[in-house]
There are 2 protein chains.
Amino acid sequence: MLPGGNSFLVTTQHRGIISNPNCTTAVTLMALYPLHQLFTVTRIFASTYQAVSGSGMKGMEELRLQNQQLVVSEEVVTQVYPHQIAANLIPQVESFLPNGYTTEEMKMENESRKIMHHPTFRASTTCVRVPVYRAHSVAVNAEFEKPVDIERAREALLHMPGLKVVDDPETQRYPMPIAVAGKYDCEVGRLRRDHAFENGLAFWVVGDQLLKGAALNAVQIAEELLK
Amino acid sequence: MLPGGNSFLVTTQHRGIISNPNCTTAVTLMALYPLHQLFTVTRIFASTYQAVSGSGMKGMEELRLQNQQLVVSEEVVTQVYPHQIAANLIPQVESFLPNGYTTEEMKMENESRKIMHHPTFRASTTCVRVPVYRAHSVAVNAEFEKPVDIERAREALLHMPGLKVVDDPETQRYPMPIAVAGKYDCEVGRLRRDHAFENGLAFWVVGDQLLKGAALNAVQIAEELLK
């Protein structure tokens, strides 16, 4: 189940296949969807900061080993990723398409359109692998049709099940992967009126995609069907 | 000189203060400026991946110590940053403004306006500290006034002094901090027609801001004046 974007069959009244969405898309939509319900999203620009757990246990083991090799000044061995990931960034997740985006990057648009039933939604995404063990983070700039209101936005996020608002800049509280790793809830913060959209919001959302993006989400879809 | 955004006085024919720009702004503009000259940029959405060297030697030492503490399962000690940076992301660089952006984030707009002599340019930026020792990376989505042409864009980047184009997805070549650390040139790659702008380009630019953002840039400004 790990790499996300997989489908599974549920044998209840529902007939057919329910897709378990791509993990960065799932984490992004936890915050974007309640905002979309209020203001109708038109497009987003997103940059991801994806943990090595997205590649399963072998990704986590590679980062652990490479960190160890760096600490004792040994040569760094690369097996899972095309390049060293410890103390580095790899601006490639999955494979490249003719348009210059990766398959992972295009899922943000394609899968969001399906999940939100919003066929004109557009997303331009850059997916980057970062030297973090667990939990994917996404910086999002979102444009909306209806006038945004920051207080209504915050209220909607506060009421979204499975999402926690962690957003108090004064006390340096914002979502971070080490705080979210191992938790079922996604966290959103850095919410602000977007400075370069006439009518937009910027935010930062973090989720342990091993839970939200794969296993937990599959269980929640099944629970929904059995209600 | 390290934290960028500092000014210094040059005592030649030029009278007054020449500002040495903020380091992420300097790195971003190395790629954005030649594109702006061709197509006239209107706005960008940018997300940064900033190395600990942005905080000077003490930032690099903090990451090194924390990585060591994680490897031997010791308690992680935090001194320079408000939170653990090893195996983590901190979505705060500098201090928060009333509009929800940080001072570092607003520099991308303010300093770019000055450097490009472009008072209507807009930038919405999210600045994130990442567990990388040296070289800042920036994911940029840029909108332009004139129709963009990807081949002319690539040509302009190839001819920009101080910038290298590293962009061959087929062979998994793109800019990465470990490849750029210690180099004078910035590197740009992942160049593509932007999927969510009618008329835009997306790219990924990496630069060792200790060089481009501070010391080297100061030297280059001085050289320019002495010509």
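The shown structure was predicted, so the numbers you read here are calculated from the model rather than taken from an experiment. (Residues numbered from 1 in each chain as written. Chains lettered and ligands numbered in written order. Predicted model: local features only at pLDDT ≥ 70, side-chain atom pairs only at ≥ 80, totals over all residues. Heavy atoms only, no water.)

Caption draft 1: Up close: the domain arrangement of chain A. Residue and element names in this part refer to chain A. Domain boundaries assigned for chain A yield domain 1 (7-51 + 93-226) and domain 2 (56-88). Every contact between the two is made by 6 residues of domain 1 and, on the other side, 9 residues of domain 2. For the domain 1 and domain 2 pair, buried surface summed over both sides reaches about 630 Å², with 72% attributable to carbon and sulfur atoms. Among the residues of domain 1 in contact with domain 2, Arg129, Pro131 and Tyr133 are the three that bury the most area, contributing 85% of the side total. (Domains from an automatic or database assignment. Contact = heavy atoms within 4.5 Å. Buried area = accessible area lost by both parts, 1.4 Å probe.)

Caption draft 2: Examining the interface of chain A and chain B more closely. Taken residue by residue, the interface counts 57 residues in chain A and 57 residues in chain B. When chain A packs against chain B, the two sides together hide about 5,100 Å² of surface, and 58% of this comes from carbon and sulfur. Linking chain A with chain B are 6 salt bridges, by the criterion used here. Residues glutamate 105 of chain B and arginine 190 of chain A are paired through a salt bridge, measuring 2.8 Å at the closest nitrogen-oxygen approach. For the pair chain A and chain B, the number of links is 33 residue pairs in polar contact (both at pLDDT 80 or more). Listed by contribution, the elements that provide at least two residues to the side of chain A that touches chain B are β3 (41-49), α2 (57-71), α3 (103-115), β4 (122-126), β5 (136-144), α5 (177-180), β7 (186-193) and β8 (200-207) of chain A. Looking at the side of chain A that touches chain B, the element that brings in the most residues is β3 of chain A, giving 6 residues. When the residues that make up the side of chain A that touches chain B are grouped by side-chain class, the tally is 30 nonpolar, 18 polar and 9 charged. (Salt bridge = Lys/Arg side-chain N within 4 Å of Asp/Glu carboxyl O. Polar contact = N/O pair within 3.5 Å; in protein donor to acceptor, adjacent residues only side chain to side chain. Helix = DSSP H or I, 4+ residues; strand = E, 2+ residues; numbered from the N terminus. Nonpolar A, V, L, I, M, F, W, Y, C, P; charged D, E, K, R; others polar.)

Caption draft 3: Broad picture of the environment of proline 91 of chain A. The residue proline 91 of chain A is located in the loop between α2 and α3 in this model. The spacing of proline 91 of chain A and valine 130 of chain A is 39 residues in sequence and 8.7 Å in space, taken between C-alpha atoms. Excluding residues that lie within four positions of it along the chain, proline 91 of chain A makes contacts with Phe96, Cys127 and Val128 of chain A together with Tyr174, Pro175, Met176, Arg190 and Trp204 of chain B.

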